[in-house]
Amino acid sequence: MLSTAYPLVIHILLWITSLYAWRIKIYNIIGSLPPLTLYVHIPFCRRKCPYCDFHSSPVEEIPEAPFLAAVAEELRRWRHHWAQDERPLQAIFLGGGTPSLLSGAAVARLLGSIQQHWRLAADCEITLEANPESASLEKMQQWHASGINRLSLGIQAFDEERLRFLQRPHDLATARRAIAAAQGVGFAALNLDLIYATPGQSLAAWGRELAEAMAWQPQHLSCYQLTVEAGTPFFAQRASWPPLEEALELAFFAETRSRLAEGGWLAYETSNFAQPGFTCRHNSNYWSFGDYVGIGPAAHGKWSDGSGGIWRTQNPVALADYLRLLEGEIGPDWPGVRVPPAEAGRECLVMGLRHAGGVERALYQRLTGVDLLAQHRSRWMAWQEAGFVRVEAERICLTEQGMPLADAMLLELF
Ligand code: SF4
């Protein structure tokens, strides 16, 4: 019995808290919460690439000590807030920015802070994004020793001229050296990031670059078409570039997918390819609407509260604001905002449709209370008839033919 000395409101608060705690425990036990992963955003780069609209700032020197202290504090606060949630982390992703600018000791300290607060699944995938020029052999050995088991190298092009066009801080020899070093270190998985369809690039030339990428036999490849985002230097320059005809754009897309499929890399998302058993667990969790903790400036997170509620968290974008928030008390937006059901359904659809697994109909129904097929029946049926989608009892997926049309379809749906 609670002491009658407590005012009624305290009784009610304690009752709600214990109910909430038990609900999360029960959902943990019956396994109805989605998998949980963790992302840490490292918002520093040597210089800004002209196509990049990620949140990152060029720095001479990373403020490692205050940054890592803030990250450790944020990890502590989130863990405290979700203390009843016993899900182990299925994956950790150190992304950026350029996480490879961190020293080996800083990466070890960061992983130590995470493990101090969260239990890791026995086979937890731990990825670090690295740029070739800042990924020395010594650093790679240190990252590997501290638990990084998946390295993602931002190669971007196997062509000297294209690397210069993209204004990457590395040349081709540095890229090749980094790949060879990573393979020597023995990460369980290696990803290479590539960008295609830069102005003037021919399909044949891209085929040669793809051949080199495949010859390295990485377990994973991410191949993105160059997109020119508003506000980037490329946005202002694009008017002077030769236009990319739609037919050539489609040919790049189809060539990439068919060449990689022939070589044994499964296209499991519009731009992501993996040898069997090597899909990126962290990104797959995004695309299948799993939960993730977002740590660091500009990072966002997603949580399921166990009763159908979806919560979004969004950290301050500017480093100074982020550091100030973590120095002070919990900010007004802590611990995030509840996502309205229709918006949660939209997010689930946007991410799921680009994924080979498609959108799970039961999940969509749980999020929105509406059956996805019934909601847009005439469109789904027309697209199925045209060979762009496959409507199944459990999911709706894009076909190979429909994959390049994902964006246009989503525009029609919303
Ligand atoms: S290195 Fe990566 S994150 Fe940094 S500016 Fe270039 S593309 Fe953006």
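Structural data are supplied above this passage.
Since the structure is predicted, the reported quantities are computational estimates derived from the model, not experimental observations. (Residues numbered from 1 in each chain as written. Predicted model: local features only at pLDDT ≥ 70, side-chain atom pairs only at ≥ 80, totals over all residues.)

Enquirer: It is not clear to me how the pairing of strand β6 (residues 150-156) should be interpreted in this structure. Could you clarify?
Expert: On a regular strand, one side chain projects to one face of the sheet and the next to the other, so that they alternate. Within β6, seven of the seven residues are buried, leaving the element largely enclosed by the surrounding structure. Of the two faces of β6, the one holding R150, S152, G154 and Q156 and the one holding L151, L153 and I155 are both buried throughout. Bridge count for strand β5 (residues 120-130) against β6 is four bridges, and the pairing is parallel. Looking at the pairing, E129 lines up with S152 of β6. The pairing of β6 with strand β7 (residues 189-196) spans six bridges and is classified as parallel. (Buried ≥ 20, exposed ≤ 12 C-beta atoms within 10 Å, placed from the backbone. Helix = DSSP H or I, 4+ residues; strand = E, 2+ residues; numbered from the N terminus. Pairing = 2+ DSSP bridges.)

Enquirer: Explain the site of the ligand to me, please; I cannot follow it from the model alone.
Expert: The local shell around the ligand consists of C45, K48, C49, C52, F54, S56, G96, G97, T98, N131 and G154. Classifying every residue of the shell around the ligand gives four nonpolar, six polar and one charged. (Near = placed C-beta within 6 Å. Nonpolar A, V, L, I, M, F, W, Y, C, P; charged D, E, K, R; others polar.)

Enquirer: How should I be thinking about the nonpolar core in this particular structure?
Expert: The biggest cluster of nonpolar side chains holds 68 residues, and the ones touching the most others in it are L38, I92, L153 and L194. The element best represented in this core is β7, accounting for six residues. Not counting the four nearest positions on each side in its chain, L194 is found in contact with I155, Q156, A157, A213, L221 and C223. Grouped together as the second largest cluster of nonpolar side chains are 17 residues, L349, V359, Y364 and M403 included. (Core = buried A, V, L, I, M, F, W, Y, C linked by C-beta atoms within 7 Å. Contact = placed C-beta atoms within 7 Å.)

Enquirer: What is the right way to look at the sheet that holds strand β16 (residues 389-391) in this model?
Expert: In sheet architecture, strand pairing relies on hydrogen bonds along the backbone and comes in two forms, parallel and antiparallel. Here we have three strands laid out as an open sheet, ordered β15-β17-β16, and antiparallel in their pairing. Each of the sheet's edge strands pairs with one partner strand only, and the pair in question is β15 (359-360) and β16. In this sheet, strand β17 (residues 395-398) lies alongside β15 in antiparallel orientation, the contact comprising two bridges. Bridged to E360 within β17 is R395.

Enquirer: Please explain unusual backbone geometry as it appears in this structure.
Expert: When glycine is set aside, most residues are seen to have a negative phi, and most peptide bonds are trans. Residues G96 and G97 are joined by a peptide bond in cis, for which omega reads 20°. Positive phi is not limited to glycine here, since Q167 has a value of about 55°. With respect to the helices, strands and loops of the structure, Q167 is situated in the loop between α5 (160-165) and α6 (172-185). A count of 14 C-beta atoms within 10 Å places Q167 in the partly exposed class. Even without being glycine, F289 reaches a positive phi, approximately 65°. Secondary-structure assignment places F289 in the loop between α10 (281-287) and β11 (291-295).

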